[in-house]
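# Structural characterization, general
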Amino acid sequence: MRVAVTGAAGQIGYSLLFRIANGDLLGKDQPVILQLLEIPDEKAQKALKGVIMEVDDCAFPLLAGITAHSDPMTAFKDVDVALLVGARPRGPGMERKDLLEANAQIFTVQGKALDAVASRNVKVLVVGNPANTNAYIAMKSAPNLPAKNFTAMLRLDHNRALSQVAAKIGKPVSAIEKLFVWGNHSPTMYADYRYATADGASVKDLINDQVWNKDVFLPTVGKRGAAIIEARGLSSAASAANAAIDHVRDWVLGTNGKWTTMGVPSDGSYGIPEGTMFGFPVTTENGEYKIVQGLEIDEFSQERINITLKELQEERDGVKHLVG
Ligand code: NAD
Ligand code: LMR
């Protein structure tokens, strides 16, 4: 399978490429060809060459080829999976939506290129921030590809929520099921554990503390990206790459009935307007995702969903000129 990675010489790229070539993305029996895109800038292309030298030096048995590109029209040729990572990261004091102006144009160009040259079944994951709106732009720029092929990364928020809940209830993350995140990859995201179980017991009952939910859990997960920037001086990279691997692996290989979170274009479920790139609980099977249906939305949840939806609609309004 052909996998494109943009921003391949960046921080996330440096964690991602080695894991893909190791078989963590598509399975330990699936050979992969990596098609890597960086900006034409001489320094970036040189850095990309250096990363490729290191990937080569790992002698990964599953790596069937690796190419460097400065043009999305060649990087995306026939790709089955496209990981759109390349974009400017935020610095301290910024919100992700402050990046919209700097990054939105990238996703118009890349959406058009995918539309022109990628496999008709390409699975696209947008990581570059603000991820939901950039995924929306790419989707709208690729009218000849199915809209459902475009997704945004909420998996890092999902994994952060899992780890916080596991620590709170004193159980391993592997015990927890049916936790997921609604909405935008931003502090407005709503991580929802009302349906979650730990070894079969209700997580909500085990925690039984709505104040912790509202005042500790949701702000901790929502502002985790900023906390990492503050601590590291750089935005999250290895955990972001890990989440990207989790997202695509589950999409391609299936969740065996388990719930996870993906940012996907809404089909109108839960009153989210069709086409909005929104984090939903999903299951996946045979390379397709399905939004989990029939969950009750209580008053608190509806309020949180409305807030994150409103933010996404404002972001979308801000890029109307790019998507027509
Ligand atoms: P980085 O600056 O280390 O690397 C980005 C790379 O992208 C650079 O090498 C740059 O040259 C390249 N690039 C820029 N424009 C490009 C283009 N048009 N085509 C190809 N390559 C291009 O940044 P990073 O830390 O790797 O982060 C990348 C993006 O991912 C940022 O926008 C960051 O905010 C975002 N991010 C998202 C999540 C998430 O959960 N969705 C998590 C972490 C980071
Ligand atoms: C994250 O959540 O870590 C990323 O989106 C990077 C950021 O800007 O917070």
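Residues numbered from 1 in each chain as written. Chains lettered and ligands numbered in written order. Predicted model: local features only at pLDDT ≥ 70, side-chain atom pairs only at ≥ 80, totals over all residues. Heavy atoms only, no water.

## Quick word on the packing of aromatic side chains
The test is simple: Only centres within 6.5 Å qualify two rings of Phe, Tyr or Trp (six-membered ring in Trp) as a pair; their planes then separate them into stacked at under 30 degrees, edge-to-face at over 60, and tilted for everything else. Classification of residues uses two cut-offs on accessible area relative to the type maximum, computed with a 1.4 Å probe and protein chains only: under 20% is buried, over 50% is exposed, and between them is partly exposed.
Taken as a whole, this structure holds 12 aromatic pairs when the rule is applied. On the numbers, 5.3 Å between centres and 55° between planes, the contact of Phe 278 with Phe 280 is tilted. Summarising the burial analysis for this pair, Phe 278 and Phe 280 share the class buried. Taken together through their ring pairs, the aromatic side chains of Phe 180, Trp 182, Tyr 195, Trp 259, Tyr 270, Phe 278 and Phe 280 make up a single cluster.

## Let's talk about the pairing of strand β14 (residues 288-291)
The following threshold applies: Strands here are runs of E lasting at least two residues and helices are runs of H or I lasting at least four, both read from the DSSP assignment and numbered beginning at the N terminus. Here the rule is simple: two strands pair whenever DSSP picks up at least two bridges between them.
On β14, burial follows the alternation: Tyr 289 and Ile 291 on one face are buried, whereas Glu 288 and Lys 290 on the facing-out side are not. Pairing of strand β13 (residues 277-285) with β14, which is carried by 4 bridges, proceeds in the antiparallel orientation. Bridged to Thr 284 within β14 is Tyr 289.

## Some details on the site of ligand 2
This is how it is decided: Distances are taken per atom, and a residue is near a molecule or strand as soon as one of its heavy atoms is within 4 Å of it. Throughout this description, a polar contact denotes any pair of N or O atoms lying within 3.5 Å of each other; where both atoms belong to protein, one of them has to be capable of donating a hydrogen while the other can accept it, and for residues adjacent in sequence the pair is counted only when both atoms sit in side chains. Using a 1.4 Å probe, accessible areas were evaluated by the Shrake-Rupley method; residue-level cover was limited to the displayed protein chains. Think of a 1 Å grid over just the protein atoms. A cavity is a set of points where a 1.4 Å probe fits yet cannot get out, a pocket is an open set with protein on both sides within 12 Å along at least five of seven lines, and lining residues have an atom within 4 Å of a point. Being in a pocket or cavity means that more than half of the molecule's atoms lie within 2 Å of its grid points. Polar here means any residue other than Ala, Val, Leu, Ile, Met, Phe, Trp, Tyr, Cys and Pro, which are nonpolar, and Asp, Glu, Lys and Arg, which are charged; Gly is therefore polar.
All residues adjacent to ligand 2 are Arg 90, Arg 96, Asn 129, Leu 156, Arg 160, His 185, Gly 225, Ile 229, Ser 235 and Ser 236. Take Asn 129: an N or O atom from its side chain is 2.8 Å from an oxygen atom of ligand 2. A distance of 2.6 Å separates an oxygen atom of ligand 2 from a polar atom in the side chain of His 185. If ligand 2 stood free it would expose 260 Å²; the protein chains cover 95% of that surface. Placement of ligand 2 is best described as lying within the largest pocket. Those elements giving two or more residues to the shell around ligand 2 turn out to be α6 (155-169) and α9 (224-232). Here the residues of the shell around ligand 2 are counted per class, giving 2 nonpolar, 5 polar and 3 charged.

## A word on the domain arrangement of the chain
Note the threshold: Domain delimitation in this document rests on an assignment produced automatically or drawn from a domain database. Whether two residues are in contact is decided by their heavy atoms: any pair within 4.5 Å suffices. Buried area, as used here, totals the accessible surface that two parts lose on assembly, with accessibility defined by a 1.4 Å probe and the loss added over both. Salt bridges, as used here, are contacts in which a Lys or Arg side-chain nitrogen is within 4 Å of a carboxyl oxygen on Asp or Glu.
Here the domain parsing of the chain yields domain 1 (2-152) and domain 2 (154-318). The C-alpha-based centres of domain 1 and domain 2 are spaced at 23 Å. With 37 residues of domain 1 at the interface, the matching set in domain 2 holds 42 residues. Carbon and sulfur atoms make up 63% of the surface buried where domain 1 meets domain 2, a total of about 3,100 Å² over both sides. For the domain 1 face of the interface with domain 2, the top three residues by lost area are Arg 96, Lys 123 and Asn 132, together amounting to 20%. Between the two partners, domain 1 and domain 2, sit 2 salt bridges. For Lys 97, the salt bridge identified is with Glu 311, shortest N-O distance 3.2 Å. Summed over the shared surface of domain 1 and domain 2, the number is 15 residue pairs in polar contact (both at pLDDT 80 or more). Every element with two or more residues in the side of domain 1 that touches domain 2 is listed here: α1 (11-21), β4 (81-84), β5 (123-126), α5 (131-140) and β6 (150-152). Sort the elements by how many residues they give to the side of domain 1 that touches domain 2 and α1 lands first, with 6 residues. Along the lines of polarity and charge, the residues of the side of domain 1 that touches domain 2 split into 20 nonpolar, 9 polar and 8 charged.

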